[in-house]
Amino acid sequence: MAARIYALTIIAGLIAGPVIALSSAPPVAGGLVLVVAPDAPHRERRVAEAGGRIMGPQQAVFGSFAISEDTNFAAALRASGVWFVVDGR
């Protein structure tokens, strides 16, 4: 039982670092952003409603690259309910 707890603690520690780094990278206004949300149709709809467009021919399971010239694009995406909006560079 103790070995499982130690293993889960180590795994959580390894995952926490990249998640914190990604979630703290502020997006640049008018630049490429990474939008993390549950599914592709949800992301596409939220990006379009915020005034942007999806970039690239393919999308990942939980993320898509998007771009917009609107300076409030990232804030509009966050307000629409996506999980994360981070700098896409």
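So, here is what we can say about the structure in this document. Just so you know, these numbers come straight off a predicted model, no measurement behind them.

Overview of a nonpolar patch on the surface
Judged by side-chain polarity, Leu8, Ile10, Ile11, Leu14 and Ile15 come together as a nonpolar surface patch covering roughly 530 Å² of accessible area. Tracing the backbone shows Ile10 in helix H1 (residues 2-24).

Some thoughts on the side chain of Ser64
Assignment of secondary structure puts Ser64 in strand E3 (residues 63-67). Using a relative accessible area of 3% as the deciding quantity, one classes Ser64 as buried. Of note is the side chain of Ser64, whose polar atom sits 2.7 Å from the side chain of Arg43. Beyond its immediate stretch of four places on either side in the chain, Ser64 contacts Val33, Leu34, Val35, Arg43, Ile54 and Gln59.

Observations concerning the sheet that holds strand E4 (residues 84-87)
With antiparallel pairing, the four strands of this open sheet are ordered in space as E2-E3-E1-E4. This sheet does not close on itself; its edge strands, each paired only once, are strand E2 (53-55) and E4. Here the average twist between neighbouring strands, direction ignored, is 40 degrees. Pairing of strand E1 (residues 33-36) with E3 involves four bridges; the strand directions are antiparallel. Bridging across to E3, Val35 finds its partner in Ser64.

Criteria and thresholds
Residues numbered from 1 in each chain as written. Predicted model: local features only at pLDDT ≥ 70, side-chain atom pairs only at ≥ 80, totals over all residues. Heavy atoms only, no water. Patch = residues over 30% accessible without salt bridge, like charges linked within 9 Å, V, L, I, M, F, W, Y side chains within 5 Å. Areas by Shrake-Rupley, 256 points an atom, 1.4 Å probe, with all protein chains shown as cover. Salt bridge = Lys/Arg side-chain N within 4 Å of Asp/Glu carboxyl O. Helix = DSSP H or I, 4+ residues; strand = E, 2+ residues; numbered from the N terminus. Buried < 20%, exposed > 50% of the residue type's maximum accessible area, 1.4 Å probe, protein only. Polar contact = N/O pair within 3.5 Å; in protein donor to acceptor, adjacent residues only side chain to side chain. Contact = heavy atoms within 4.5 Å. Pairing = 2+ DSSP bridges. Axes fitted to C-alpha atoms, helices over the stretch in contact; angles between N-to-C directions.

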